[in-house]
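Single-letter residue listing:
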Amino acid sequence: MSDLDSDEEQFEMEEFPDGDEEFCAQSYIPSYGTMPGEQEQLATDLGPYNKESTCLFGPKVGVEFNGNEDSVFFVDGQRRIDFVLAYEDEQRKPSDHKRMRAILSRKRKRAFFQENLKKVGLQIEATKSILDLKTVFLKLHAPWEVLCRHAEVLHIKLPLHSNDLKQKTSRFNCITKIFSVDEDKIPPEPEYFTAPFEMDRIKSFHTADRDTFFTPATRSRIVQYILNRCEYKKGRPNKFGITKLLDSKTYKAAYTLHDCKFNQKSSDPSCPNERYLLYREWAHPKNFYKLQPLDLIRKYFGEKIGIYFAWLGFYTGMLAIAGFTGLICFIFGILTLDHSTWSKEVCDPLIGGSIIMCPQCDRDCTYWRLNITCQSSRKLSIFDNYGTLAYAVFMGIWVTVFLEFWKRRQAELEYEWDTVELEQEEPRRPEYEAKCTIPTKNPITQEEELVPYSACGKCMRIFCVGSTVLFWISLIIASVVAIIVYRLAVFFQFSVNLPKAINDDLEPLKEYLTPQIATSVTASIINFVFIMILNILYERVAIWITDFELPRTQTDYENSLTVKMFLFQFVNYYSSCFYIAFFKGKVVGYPGEPVYWLGRFRNEECDPGGCLIELSTQLLIVMGGKAIWNNVQEILIPWLKNIIGRCHSKSTKNVLPRWEQDYQLQSISKLGLFYEYLEMVIQFGFATIFVASFPLAPLLALINNIIEVRVDAWKMTTQFRRIQPAKAQDIGAWLPILHGVAVFAAVTNALIIAFTSDMIPRLVYYWALSVQPYGDYSSPTMRGYINSTLSVFRVADFSNLSKPIHLPHWFDPESDTTCRYRDLRYPPDHPLEYHHSLYFWHVMAAKLAFIIIMEHIVFGVNFLVSYWIPDVPDKIKEQIKRERYLTQKILHESHLTDWHSKMMDASRKLVHGSKFPESKGMDI
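Residues numbered from 1 in each chain as written. Predicted model: local features only at pLDDT ≥ 70, side-chain atom pairs only at ≥ 80, totals over all residues. Heavy atoms only, no water.

**Q** Outline the overall build of the protein chain, supporting the account with residue identities and numerical values.
**A** Within the protein chain, the secondary structure is distributed over 27 helices and 16 strands. At a minimum sequence separation of 6, the contacts of the protein chain that also span at least 24 residues come to 76%. Entry remark: accessible area of the protein chain is about 46,100 Å², with carbon and sulfur atoms responsible for 60%. (Helix = DSSP H or I, 4+ residues; strand = E, 2+ residues; numbered from the N terminus. Contact = heavy atoms within 4.5 Å. Areas by Shrake-Rupley, 256 points an atom, 1.4 Å probe, with all protein chains shown as cover.)

Here is the structure:
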């Protein structure tokens, strides 16, 4: 029984004890989906378990498909299909005893589950599959009474009064109209003031048309709520919910229906063709420059999907500003490339060509001239300039503006989509309710309620979860340290063997295939493998420990999982960049006394062009490669799966019902939207944390996001089943994470400019050390900068372990008695030889001062921006007050008025009945 897990097998053993020779399920014909007065009979395999009954594995009879491929209604054409369950009807009696028991177990669970659905009030219609006669589709319909009852339980907000506040016209309408969706094709949704539904006050709501009062998304959400809480095992309080039945293969699928084909309008006049409109006006690549129809997205997919695309679109729009500014900064670097004095000195044969640099590894590395770094120095000057400094400050402010304006936009969507008070109405998770066994007193209601754990138990869970997360983060750090040790070890081997391996045929590659490049490429590949393996492992661990933590609501569950996954991904993706930016080449000692790891491996130095250009290259490869891989993966995988599925289910019949067309599509995973957010937030970190080293990062993010919006829209409308609608007030825990990234980015960029780039040493030299009395020039200049920042080392001071054994043909040991290295130390024969010079401490003080000044400027401006931009727009505050006023007036004061009139009538009758004359103007 390879296809059953241990829990399922244990459950079967409990249901069917050893010693029974016959295991079977009785088949009977219940009345499914009937309306009052109807006697429609549908066959199914449901029924109470009966040992004495005969096992029936013959074909069942169901409702026949009427040929309307776009219909989303029962056969009667009146009752809408709100949900579909699909299962495999195992008709053939298996020869294996255990497998037969498993089949009968699934039959019994389906029988009990569907009987309970009927008791709740759902109506069911069964239909056999056209492509596969084993598959049975159960179409669920929620009648009006069921919808009303559960809408009140879930506190669903419904239209109460039309929005009568005058909307202000934006000044930028003439510009945004170019990018907006054509209102003739997708008309704007009518605006209403809403209130939580109350059955006793149903007359106060807009219930003129019962068919449209509850939207399809709301109907499906109510049915899903019922499915998640319906029992499938009598007497077992923890045996409930469609999720467990799907996990145990009792049902093969549970989904809501698309309303039509994505590429063709429905011929059914009752079909709104919303899927077709979304594909043509939103998901199609031709609309890449248009704004998104957020109201229709929310109406069709629900608020949770709507808020994601709203955030993604807003983030992309703000990236346009950052990307355009970064492009200007990059162009500025190119235009000033030929005016960079220090890079000219590196390339000058008389300056850079005459400077002999010390070896970068022990024994097998040799001397080299500075001018071989000419090209890398020129590339470095494109990114390491004053424009980049200004851009880093700009991005620090941009991040705050982006987050503050998003809060305003989010407040607007919360009101427009009726999710302002979502926290008060969100029900508890079924998994949480199943574990509630410990009584406790609710401090709010002062009533006793059941909770799943005590205060001590909760603390133990938090401790176990925190310890597990710290362990896995430590594992990531350990893998990073292992890769660093690998880099140090193989750099020596590449330095020894790579020059020997390059023969005359590969001589043109010698300039590019250096030991540094070979080390970086192989280390990056190993790092990528580590990242992917640990991602797969940690994803399962994060879900497991979040399940163990047992959050109360679905929002709490997703927020808890979000924090765990982001902490892991943060360390996993950014660790190599942090190593290059802040550790590589920082603690290397000097040629006579280098620093070793583990007493064996000499610490790695930066490339000849410096660590900043290597960091820029790393970011370009990681961001570009990750974006290309994710987009190709998101397009190809669901598309290929659907192609393979259609090939396996070929049929001569071209007409399939709507529910079977959707069944052929892919189902989105429970964490599908979570990974979309995670991908964008990781990208947000790359575009902000390291922007001082690579100003084009926001532009790359912008290009990727323009594609990402349409790719996500395309796969949701064409390749996946309709996503089950769900409520969401905001983007959850991702917002505080973005705030944390913003603060971290300001600090990181300041540190990159101070310690990774040469910006501060150049400024110190230009303003202080180039002029008299410290320098030889009368006015500030960058001439002589290269010579002043390279320390001198005496060749005779090499130890036997570090002394190079191979000398270049141009090196003369008699005349070339010194070499240079990148550091600020006193020269030989100085009383403090090889100690850090005064210049070093001047530069260090300037770096610390710069970090403090830059952080204070960025955080000060951010504080002012946060103060000046309110989180909730004034117009939304007015509408909220107006809605509360109308709710109070229509739902509450109207009933008080009715009660007052009835009391007046009763008092008058009482007065007349007691023979007292009625007093004029009498008011009781």
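**Q** Describe the sheet that holds strand β1 (residues 83–88), and please don't skip the residues or the numbers.
**A** Across a sheet, paired strands are connected by hydrogen bonds in the backbone, their directions being either parallel or antiparallel. Strand order in the open sheet formed by four strands is β2-β3-β1-β6, with antiparallel pairing between adjacent strands. Unpaired on one side and paired on the other, β2 (123–128) and β6 (253–255) mark the two borders of the sheet. The mean inter-strand angle of the sheet, taken between neighbouring strand axes irrespective of direction, is 20°. Across six bridges, the pairing between β1 and strand β3 (residues 135–141) is antiparallel. The partner of Ala86 across the bridge, within β3, is Phe137. Packed on one face of the sheet, helix α6 (residues 216–229) meets β1 and β3 and runs near 45° to β1. (Pairing = 2+ DSSP bridges. Axes fitted to C-alpha atoms, helices over the stretch in contact; angles between N-to-C directions.)

**Q** With reference to specific residues and values, describe the nonpolar core.
**A** The biggest cluster of nonpolar side chains holds 137 residues, and the ones touching the most others in it are Trp311 and Trp398. For this core, the element with the most residues is helix α10 (residues 303–335), which contributes 14 residues. Excluding anything up to four places from it in sequence, Trp311 contacts Phe402, Trp406, Tyr677, Met680, Ile731 and Leu738. One finds Ala126, Cys230, Ile242 and Ala254 within the second-largest nonpolar core, a separate group that totals 38 residues. (Core = buried A, V, L, I, M, F, W, Y, C linked by side-chain atoms within 4.5 Å. Buried < 20%, exposed > 50% of the residue type's maximum accessible area, 1.4 Å probe, protein only.)

**Q** Report on the confidence of the model for the protein chain, specifying residues and quantitative values.
**A** For the protein chain, per-residue confidence averages 80 on the pLDDT scale, and 83% of positions sit at 70 or higher. Scored below 50 in pLDDT, residues 1–61 shows 140 contacts in the model against residues more than four places distant or in partner chains. Every residue in residues 915–924 is under pLDDT 50, and counting partners more than four places away or in other chains gives 11 contacts. (pLDDT = per-residue confidence, 0-100.)

**Q** Report on the state of the cysteines, specifying residues and quantitative values.
**A** Per the stated rule, a full pass over the model turns up three disulfides. Considering cysteine sulfurs only, Cys271 is the nearest to Cys260, which forms no disulfide, with 4.5 Å between them. (Disulfide = S-S within 2.5 Å.)

**Q** Can you lay out the pattern of salt bridges for me, pointing to particular residues and giving the numbers?
**A** Per the counting criterion, the structure on display carries 28 salt bridges. Salt-bridge contacts for Glu281 lead to Lys185; the nearest nitrogen and oxygen are separated by 3.5 Å. Pair noted here: Glu281 is in helix α8 (residues 274–283) and Lys185 is in the loop between α4 (173–179) and β5 (192–196), with a separation of 96 residues, a long-range link. (Salt bridge = Lys/Arg side-chain N within 4 Å of Asp/Glu carboxyl O.)

**Q** Outline the environment of His842, supporting the account with residue identities and numerical values.
**A** When you line up the elements, His842 lands in helix α26 (residues 838–868). Residues His842 and Pro761 lie 81 residues apart in sequence; the distance between their C-alpha atoms is 8.9 Å.

**Q** How would you sum up helix α21 (residues 672–689)? Please name residues and give values.
**A** Counted at 1.5 Å a residue, the expected span for α21 with its 18 residues is 26 Å, and the 26 Å between its end C-alpha atoms agrees. Taken across its 18 residues, α21 has 17 buried, putting it largely inside the fold. (Expected span 1.5 Å × (residues − 1).)

**Q** A description of the packing of helix α24 (residues 759–769) against α26 should follow, citing residues and the corresponding values.
**A** Two elements in contact, α24 and α26, have axes whose closest approach is 9 Å; the angle formed by their N-to-C orientations is 115°. Looking at the two axes, α24 sits roughly perpendicular to α26. Pair α24 / α26 crosses with right-handed handedness. Every residue of α26 that contacts α24 at Ile760, Pro761, Val764, Tyr765 and Leu769 is listed here: Tyr839, Val843, Ala846, Lys847 and Phe850. Per-class residue counts for the contact of α24 with α26 are nine nonpolar, no polar and one charged. (Parallel < 35°, antiparallel > 145°, perpendicular 65-115°, else oblique. Left-handed = near helix turned anticlockwise from the far one by under 90°. Nonpolar A, V, L, I, M, F, W, Y, C, P; charged D, E, K, R; others polar.)

**Q** So what's going on with the packing of α10 against helix α13 (residues 386–416)? Residues and values would help.
**A** Where α10 contacts α13, the axes come no closer than 10 Å and their chain directions differ by 165°. The angle between α10 and α13 falls in the class roughly antiparallel. Crossing handedness for the pair α10 and α13: right-handed. Per-class residue counts for the contact of α10 with α13 are 20 nonpolar, four polar and one charged.

**Q** Help me get a handle on the environment of Asp182, residues and values and all.
**A** Note on placement: Asp182 falls in the loop between α4 and β5. For Asp182, a relative accessible area of 33% puts it in the partly exposed group. Sequence spacing of Asp182 and Pro293 is 111 residues, and the spatial spacing of their C-alpha atoms is 9.6 Å.

**Q** Outline the packing of aromatic side chains, supporting the account with residue identities and numerical values.
**A** Counted according to the given criterion, the structure contains 53 aromatic pairs. Their ring planes at 75° and their centres at 5.5 Å tell us that Phe570 and Phe744 sit as a pair that is edge-to-face. Of this pair, Phe570 sits in helix α18 (residues 554–582) while Phe744 sits in helix α23 (residues 734–756), placing them 174 residues apart in sequence. According to the relative accessible area criterion, Phe744 is partly exposed, its value standing at 35%. (Phe/Tyr/Trp six-rings, centres within 6.5 Å; stacked < 30°, edge-to-face > 60°.)

**Q** Describe a nonpolar patch on the surface, listing the residues and the values that go with them.
**A** Residues Ile178, Phe179, Phe288, Tyr289, Leu291, Ile703, Ile706 and Ile707 make up a contiguous nonpolar surface patch of about 740 Å² in total accessible area. Elements with a contribution of two residues or more to the nonpolar patch: α4 and α22 (697–719). For the nonpolar patch, the leading source of residues is α22, giving three residues. Among the secondary structure elements, Ile178 is positioned in helix α4. (Patch = residues over 30% accessible without salt bridge, like charges linked within 9 Å, V, L, I, M, F, W, Y side chains within 5 Å.)

**Q** Could you give an account of unusual backbone geometry, naming the residues involved and the relevant values?
**A** Of note, the bond from Gln772 into Pro773 is cis; its omega dihedral lies within 30 degrees of zero at 10°. Take Pro773: it is sitting in the loop between α24 and α25 (785–788). Its identity is not glycine, yet Asn273 carries a phi of approximately 60°, on the positive side. Inspection of the secondary structure assignment puts Asn273 in the loop between β6 and α8. We classify Asn273 as buried; its relative accessible area is 9%.

**Q** Give a description of helix α2 (residues 97–120) that names residues and reports values.
**A** Under the 1.5 Å per step criterion, the end-to-end length of α2 is 35 Å for 24 residues, consistent within 8% with the ideal 34 Å. At the C-terminal side of α2, Gly121 shows a positive phi close to 125°.

**Q** Describe the side chain of Asp82, with residues and values.
**A** Considering the arrangement of structural elements, one finds Asp82 in the loop between α1 (6–15) and β1. A polar contact of 2.8 Å, which involves the side chain of Asp82, links it to the backbone nitrogen of Ala142. Discounting residues that sit within four places of it in the chain, Asp82 has contacts with Leu140, His141, Ala142, Arg219, Ser220, Val223 and Thr256. (Polar contact = N/O pair within 3.5 Å; in protein donor to acceptor, adjacent residues only side chain to side chain.)

**Q** Talk me through the pairing of β1; I want residue IDs and the actual numbers.
**A** For β1, the buried fraction is high: five of the six residues fall into the buried class. Looking at chain direction, β1 and β6 are connected through three bridges and run antiparallel. The residue bridging Ala86 from the neighbouring strand is Ala253, located in β6.

**Q** Describe the environment of Trp767, listing the residues and the values that go with them.
**A** Here Trp767 lies in helix α24. Measuring from C-alpha to C-alpha, the distance between Trp767 and Pro780 comes to 5.7 Å, with 13 residues separating the pair along the chain.

**Q** An account of the side chain of Ser757 is requested, with residue identities and associated values reported.
**A** By the secondary structure assignment, Ser757 is in the loop between α23 and α24. There is a polar contact of 2.7 Å between the side chain of Ser757 and the backbone oxygen of Ile753. Contacts of Ser757, omitting those with residues within four sequence positions, involve Asp384, Leu612 and Ile752.

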